[in-house]
Amino acid sequence: MKRRAVLRPFRLWCFRSRRAEFYRDLAEMFQRNESLMAFLEGEIANAVRTRQAPRETALRAMLERYRAGHAAGRVGGLLEGLVPGRDGLMVTGVARPDDKSRALRALADAVDSQQAMRAVVLGHAAFPLAMVPLCYVLIEVLSEVILSIDRSTPVYVRAELWTGANGWARDLAVVLTGFGLPSVVLFVAALVGMVASLPRWRGRARLAVEGWPVYGLYRDFQGGLLFTSLAMLLSNGATLRAALEDLAQGSSTWLRWHLTRVLRALDDNPNRAIEAFGRGLLSPAMLARASTLHRTAPSFADVLIELGTRESGRVLQAVRRAALAANVAVVGVLVAVCAFLGLSTLTVPGRFSALMEPATLMSLKQAHEARTAGIRGAIDPSSQPQPPGDLP
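Per chain, residues are indexed from 1 in the order of the written sequence. Where totals are concerned, whole chains, interfaces and linings use all residues; where local detail is concerned, this predicted model gives features only for residues with pLDDT of at least 70, and gives and counts side-chain atom pairs only at 80 or more. Side-chain measures were taken over the full set of non-hydrogen atoms in the model, leaving aside hydrogen atoms and water.

Q: Just to check I follow, could you spell out the overall build of the chain for this structure?
A: If you tally the helices and strands in the chain, you get 18 helices and 0 strands. The C-alpha atoms of the chain give 33 Å as radius of gyration, which overshoots the globular expectation for 392 residues (21 Å, by more than 25%). Its C-alpha atoms put the chain at 130 × 60 × 30 Å along the principal axes. Burial analysis of the chain (392 residues in total) assigns 42% to the buried set. Put simply, the chain shows about 21200 Å² of open surface, and 61% of that area lies on carbon and sulfur atoms. Separation between the mean location of the 47 positive side-chain charges and that of the 33 negative ones in the chain comes to 5 Å. Secondary structure elements are defined from DSSP: runs of H or I of at least 4 residues count as helices, runs of E of at least 2 residues count as strands, and each element is numbered from the N terminus. Only the C-alpha atoms count toward the radius of gyration. The rule for a globule is 2.2 Å times the residue count to the power 0.38. Burial status follows relative accessibility: with a 1.4 Å probe on protein chains alone, a residue under 20% of its type maximum counts as buried, one over 50% as exposed, and anything between as partly exposed. Computed with a 1.4 Å probe, the accessible areas rest on the Shrake-Rupley method; for each residue, only the protein chains presented here act as cover. In summary, the charge assignment counts Lys and Arg as positive and Asp and Glu as negative, without counting His or the chain termini. A single reference atom marks each charge: NZ on Lys, CZ on Arg, CG on Asp, CD on Glu.

Q: What should I look at first to understand the packing of aromatic side chains in this one?
A: Here the distance between the centres and the angle between the planes together describe a pair of aromatic rings. Any two of the Phe, Tyr and Trp rings considered here, Trp counted by its six-membered ring, make a pair once their centres fall within 6.5 Å; the pair's planes then place it as stacked at under 30 degrees, edge-to-face at over 60, or tilted in between. This structure, assessed with the given rule, holds 7 aromatic pairs. When the ring of phenylalanine 15 is compared with that of phenylalanine 22, the centres are 5.6 Å apart and the planes differ by 65°; the resulting orientation is edge-to-face. Each member of the pair, phenylalanine 15 as well as phenylalanine 22, is classed as buried. Geometrically, the ring pair formed by phenylalanine 22 and tyrosine 23 is tilted, given 6.4 Å between the ring centres and 55° between the ring planes. Residue class for tyrosine 23 comes out buried when judged on its relative accessible area of 0%. Ring-pair connections join several aromatic residues into one group, and the members of that group are Phe15, Phe22, Tyr23 and Phe39.

Q: Help me understand helix H15 (residues 284-294), please; the structure alone is not making it clear to me.
A: The periodicity of an α-helix, 3.6 residues per turn, causes residues three or four positions apart to be oriented the same way. Within H15, burial applies to Met286, Ala290 and Leu293. Taken down its axis, H15 places every buried residue within 65° of arc, on the same side. By definition in these notes, contact holds between two residues if any of their heavy atoms fall within 4.5 Å. Against helix H11 (213-235), helix H14 (273-277), helix H16 (300-308) and helix H17 (312-355) lie the buried residues of H15. Directions pointing from the helix axis toward each C-beta atom define the arc.

Here's what the structure looks like:
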């Protein structure tokens, strides 16, 4: 019993990742007019037989609630706490339509679309997490290579060696070696602060940066999730206003702010939904697509259903493009520094070898000694050699 209690959170997490399959099984139950009790007991037996512990754990919790009369056997009450909170409103919407089988399949499709978008975002987020420490180590190694060449270079050769791009590379290596770790810490702190501000920051200044890479990714991602949720609710009989108000209640500060602005604009002009959704919530590409669909759609609700169902591939592609742009913005500078230093480690040794040729080295040494003597003479004229005077 103790082992089962310890593993229960992990098993429920696994069940949530495959909950779309359960929604479709539940849809078949309604289609076959099977009783909920028989369905739960039969599926528990199947889960035990096939050793699907996560599914068994969730089904047993539902069966216990059903037997206890929890929420009168409503689907939303049985699933409360067993599925993510973001599914709550959509699950509640299943109780409204007469055709619960169709509603549950729409819910499963919405969950699949949202999981696909999350997979894209998480997959692209892993790239910067891996590249930042790798770039830091690589920059440290390349900087040390350049500075080691500088330390082994005679003083009278350095002026010729560190010219042009080679000189920029040496200066950059000096700065990065001295302030590399503080710079990385500052960069990571700024990135963490940016990520923390995504669901919280709102206002006129936020609208000005909605098109920036990281903020644009968050906008497109949240817009995609919004489309799928709205499509599910609207296709099951909810009005546009009711769906927006319901979604606003359980949303982040940022999304609630945007949905409130949309609702306020619809209050002012109910027939101009495109303008209401175009106040920063949608990217220019998705807003243009919505405008195209709106020309022939019976209502804007049908446009949102289209974007959340048949147009989900286009929405996913927009999220993928935004994720790629965010990757380039986050690691682009570090990769550019690595590339520049790496190229310099190829050009500097060649230049160093050419300058260390005996003839070139001798001429550079003589020129350096002449400059040094001239500078010393300018500072102390008595140190310069005097021409022989007239003999008495």
